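Fold and geometry: a report
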Amino acid sequence: MLRASLREVSAALKEGHVTPTELCQRCLALIKSTKFLNAYITVAEETALKQAEESEKRYRTGQPLGVLDGIPVAVKDNFSTAGIETTCASEMLKGYIPPYSATVVQKLLDQGAVLLGKTNLDEFAMGSGSTDGVFGPVRNPWSYSRQYKEKPVPKSHPEDEDSNWVITGGSSGGSAAAVSSFTCFAALGSDTGGSTRNPAAHCGVVGLKPTYGLISRHGLIPLVNSMDVPGILTRCVDDAAVVLGYVHFLVLYTRCHISGSLAGHDPKDSTTVQDNFKPFELPNLTDVSKLSIGIPKEYHAPGLSSEILGLWSKAADLFKNAGANVIEVSLPHTCYSIVCYHVLCTAEVASNMARFDGLEYGHRSDMHKSTESMYAATRREGFNDVVRGRILSGNYFLLKQNYENYFVKAQKVRRLIANDFMKVFRSGVDILLTPTTLSDAVPYIEFIKEDNRTRSAQDDILTQAANMAGLPAISVPTALSERGLPVGLQFIGRSFQEKQLLTVAKWFEKQVKFPVIELEEVKKHDHGVFQHQKSASFS
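Here we summarise the structure given alongside this text. (Residues numbered from 1 in each chain as written. Predicted model: local features only at pLDDT ≥ 70, side-chain atom pairs only at ≥ 80, totals over all residues. Heavy atoms only, no water.)

To continue, consider the sheet that holds strand β6 (residues 229–234). Here we have 11 strands laid out as an open sheet, ordered β1-β3-β2-β4-β6-β5-β10-β11-β9-β7-β8, and mixed in their pairing. The open sheet has two edge strands with one neighbour each: β1 (40–43) and β8 (325–329). Sheet twist, expressed as the average angle between the axes of neighbouring strands with direction ignored, equals 30°. As defined by bridge partners, β1 adjoins strand β3 (residues 114–119) across 3 bridges and the pair is classed as antiparallel. Across the sheet, residue threonine 42 finds its bridge partner in β3, namely lysine 118. Relative to β3, helix α3 (residues 45–60) is tilted by about 155°, and along the sheet it contacts β1 and β3. Along the sheet, helix α9 (residues 306–321) contacts β7 (292–296), β8, β9 (431–435), β10 (473–480) and β11 (486–492); its crossing angle with β9, the most-contacted strand, is approximately 155°. (Pairing = 2+ DSSP bridges. Helix = DSSP H or I, 4+ residues; strand = E, 2+ residues; numbered from the N terminus. Axes fitted to C-alpha atoms, helices over the stretch in contact; angles between N-to-C directions. Contact = heavy atoms within 4.5 Å.)

The buried fraction of strand β4 (residues 186–191) amounts to 6 of the 6 residues, a majority that puts the element mostly inside the structure. Pairing of strand β2 (residues 72–76) with β4 involves 3 bridges; the strand directions are parallel. Its bridge partner lying in β4, valine 75 is registered against leucine 188. Bridge analysis of β4 against β6 gives 6 bridges, and the strand direction is antiparallel. Across the sheet, the residue bridging to alanine 186 is threonine 234, located in β6. (Buried < 20%, exposed > 50% of the residue type's maximum accessible area, 1.4 Å probe, protein only.)

Here the focus is the pattern of salt bridges. Following the criterion strictly, the structure yields 17 salt bridges and no others. For the salt bridge of glutamate 54 with lysine 57, the shortest nitrogen-to-oxygen distance reads 3.5 Å. Here lysine 57 and glutamate 54 lie together in helix α3, a separation of 3 residues that amounts to about one turn. Relative accessible area serves as the criterion here: at 36%, glutamate 54 is assigned to the partly exposed category. A single salt-bridge network, built from bridges that share partners, covers Arg7, Asp238 and Lys506. (Salt bridge = Lys/Arg side-chain N within 4 Å of Asp/Glu carboxyl O.)

This paragraph deals with helix α12 (residues 385–397). Over its 13 residues, α12 extends 18 Å from the first C-alpha to the last, a length consistent with the 18 Å expected when each residue adds 1.5 Å. Here α12 has its buried residues at Val386, Val387, Arg390, Ile391, Gly394 and Phe397. End-on, the buried residues of α12 take up no more than an arc of 135°, which puts them together on one face. Among the exposed residues of α12, those oriented more than 90 degrees off its buried face are Asp385 and Leu392. (Expected span 1.5 Å × (residues − 1). Arc of directions from axis to C-beta.)

Shown next as structure tokens:
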């Protein structure tokens, strides 16, 4: 049952094959047995079981709230959750319990979803490995899969099996690991420069970054206000569409159920789209001959592994052989996006982090010599080196003598990057196909040899431009690498055209038949009938 899709589990709940409480208990048991992954910071067991009980009552009376009723989910620990500690994986917010829930979290709860807990991340979502949080690094579930263990590829330290585990990517690594290890059926992440898509690719799950403004950011503790987007992680494209809140029909239901949507205007977030959100059904695409798929030549970036390049080429051929028009396109300002992002990101970080002063909430230093010394000590003790470094950089770029040369210039370059995408889509291209990451997941001991800034610049290079332009993008698991680890490819769509993006991604997902992770811990707890057996036909 734990390996089933969200839709299948919803149907099983409706038919009475399993109760919400039983499902919740199985997920909680699996969370405990996979604790070594460090995917969760907080497990809200008591709250989750109470929510499952309420869901069970609704099912008994034949009044479920919709497809998400009774479905166990997890939330990245930078989303506010009323009554549940929200830490951002930082000393600064240890013990902080918000009085309200983020809009996107509340919408899930209003649909009957069962919140299992809060997932691990890089401190304040600043990183690309989920290794820099105060609660320790997240381990990729694929490190313990049969597929990875049985590959005859030299490991970093063959004499020490425990040191060979690989990273999840980040900064939403906890959410990706939670979905990948079957402890929940969907999870929320945040995506500022690729923080949902990057770990999705490394953990073999689907990672969706919606159009900027489609989903409310209210209650998402900000990193970069102008780029932050709540992301969705699931095990298949259909499930991502369901969580996003589009129309879905289940024959087993007595009537059509339209879930409350995560998308749409929120009066608490002025950057959300003002237009009424129009739900739709995600169709099964059978003919791609009318599609135009763009292959941006600039995404053949330095450091792109030959293995990823080969899979990217095979994916393009797959569309071409199916009748789609596949053409090479150019996004000439892509090469400037990382430098541009560094300036804009750190500038906004400097502004956003100013609220953590030790006065109103969060950590407060015992230094009482003066208010200024208390401020300084609080921030020194509460933030790690990565956060402090970005604050310093941002304040430098925002100095009066530097503002025009750095911040204003970066904003102009950002406009050029967005215009590149607009020109390509206006030329008739429907979807862009790119790699998500430069390589498969690297071992933790190799990853930490380089500093956070260097790693983030490398790992965000293929995902970050979509955030600069505010476009929707999705990473779809494609194949296993020679080392037996997941590789994902990215689809980028036009603004607010999530239906087309998800439809194409769903078609691609069906063609590649990505294999299911084989974890011993899951077998111990999964007693269901949904045992998907797929073969890696695309590798």
